[in-house]
Amino acid sequence: MGAKNFTEIGLPAARRHLFLCVGPDCCSADDGQKSWEHLKASLKSCPVPMMRTKAACLRLCSEGPWLVVYPEGVWYAQVTPERFDRIRREHLEGGIPVKEWVRAVQPLGG
Ligand code: FES
């Protein structure tokens with residue numbers, strides 16, 4: 001796979017950027033990969049353009065897979081594929097975070 005430009009990676013259209021930690025310390029590598037594959041497949045049909053990044057560690061190292069949603073800076077714990085579906089529906093498309101799974105809210109920039 002060759003180099004890409006910003007348009008090809010979806011930057012100009014992106015409304016959010018998601019980071020998902022796939023373990024292996026906060027969750028098993030297998031569970032992390034399952035959540036990642038589900039997230040990727042799910043976002044292909046999402047009407048809201050988003051960027052996504054697979055992270056190897058977000059330094060919490062328990063209760064993963066962790067999902068961080070920017071620009072809001074919402075941190076979700078234990079994001080299984082099933083939980084991601086609800087996060088997608090209510091937060092990513094509906095604009096309202098799923099409070100019961102939010103562990104921190106920290107928008108960057110002060
Ligand atoms: S391995 Fe996921 S937070 Fe460290």
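Note that this is a predicted model, so its numbers are computed, not measured. Here the residue numbering is sequential within each chain, running from 1 through the sequence in written order. Two thresholds apply to this predicted model, a pLDDT of at least 70 for residue-level local features and 80 or more for giving and counting side-chain atom pairs, whereas whole-chain, interface and lining totals are computed over all residues. As a rule here, side-chain values come from all non-hydrogen atoms in the structure, and water together with hydrogens is ignored.

Undergrad: Provide a residue-level description of the nonpolar core, including the pertinent values.
TA: Counting residues in each nonpolar core, the largest one holds 20 residues, and the members touching the most others are L18, L39, L67, Y76, F84 and I87. Within the residue set of this core, elements represented by two or more residues are β1 (16–21), α1 (29–44), β3 (67–70), β4 (74–76) and α2 (81–93). Not counting residues within four places of it along the chain, the set of residues in contact with I87 comprises L67, Y76, V79, L92, V98 and W101. As used here, the term nonpolar core means buried Ala, Val, Leu, Ile, Met, Phe, Trp, Tyr and Cys residues forming a set that is joined through side-chain atoms within 4.5 Å. Exposure categories follow from relative accessible area, calculated using a 1.4 Å probe and restricted to protein chains: below 20% of the type maximum is buried, above 50% is exposed, and the middle band is partly exposed. The secondary structure listing takes helices from DSSP runs of H or I that are at least 4 residues long and strands from runs of E that are at least 2 residues long, numbered from the N terminus. Contacts between residues were defined by any pair of non-hydrogen atoms, one from each residue, lying within 4.5 Å.

Undergrad: Any details on α2? Residues and values, ideally.
TA: To obtain the bend at a residue, axes are fitted to the seven residues ending there and to the seven starting there, and the angle between these axes is taken. Along α2, the sharpest change in direction is near 35° and occurs at I87. Listed as buried for α2 are F84, I87, R88, H91 and L92. Lining the buried residues of α2 we find β1, α1, β2 (50–55), β3 and β4. Just downstream of α2 lies G95, where phi reads positive at about 85°.

Undergrad: Which residues make up the pairing of β3, and what values do they have?
TA: Strand pairing is assigned whenever DSSP detects at least two bridges linking the two strands. Pairing of β1 with β3 involves four bridges; the strand directions are antiparallel. Considered in β3, the bridge of L20 is made with L67. Taken together, the three bridges between β3 and β4 define a ladder with antiparallel strand orientation. Counterpart to V69 in the pairing with β4 is V74. Where β3 folds back on β4, the antiparallel hairpin that results is connected by three residues, among which G73 adopts a positive phi of roughly 70°.

Undergrad: Give me the lowdown on the side chain of R16, citing residues and values where you can.
TA: One can find R16 in strand β1. Of the residues examined, R16 reaches a relative accessible area of 14% and is grouped as buried. Polar contacts, as counted here, are pairs of nitrogen or oxygen atoms within 3.5 Å of one another; within protein the pair requires one atom able to donate a hydrogen and one able to accept it, and residues that are adjacent in sequence qualify only if both atoms are side-chain atoms. Within polar-contact distance, the side chain of R16 engages the backbone oxygen of L92 at 2.9 Å. Here R16 is in contact with P49, M50, M51, V69, Y70, P71, E72, H91, L92 and G95, once residues within four sequence places are set aside.

Undergrad: An account of the packing of α1 against α2 is needed here, citing residue identities and associated values.
TA: Each axis is a line fitted through C-alpha atoms, and for a helix only the stretch in contact is used; angles between axes span 0 to 180 degrees, taken between their N-to-C directions. One can describe the packing of α1 onto α2 by two numbers: an axis separation of 9 Å at closest approach and a directional angle of 35°. Judged by the sense of rotation from one axis to the other, the crossing of α1 with α2 is right-handed. Residue-level inspection shows K34, S35, H38, L39, S42 and L43 of α1 in contact with α2, the latter providing P81, F84, D85 and R88. Residue type decides the class: Asp, Glu, Lys and Arg count as charged, Ala, Val, Leu, Ile, Met, Phe, Trp, Tyr, Cys and Pro as nonpolar, and the leftover types, Gly among them, as polar. Classifying every residue of the contact of α1 with α2 by side-chain character gives four nonpolar, three polar and three charged. A clockwise turn of the near helix away from the far one marks a right-handed crossing, whereas an anticlockwise turn of less than a right angle marks a left-handed crossing.

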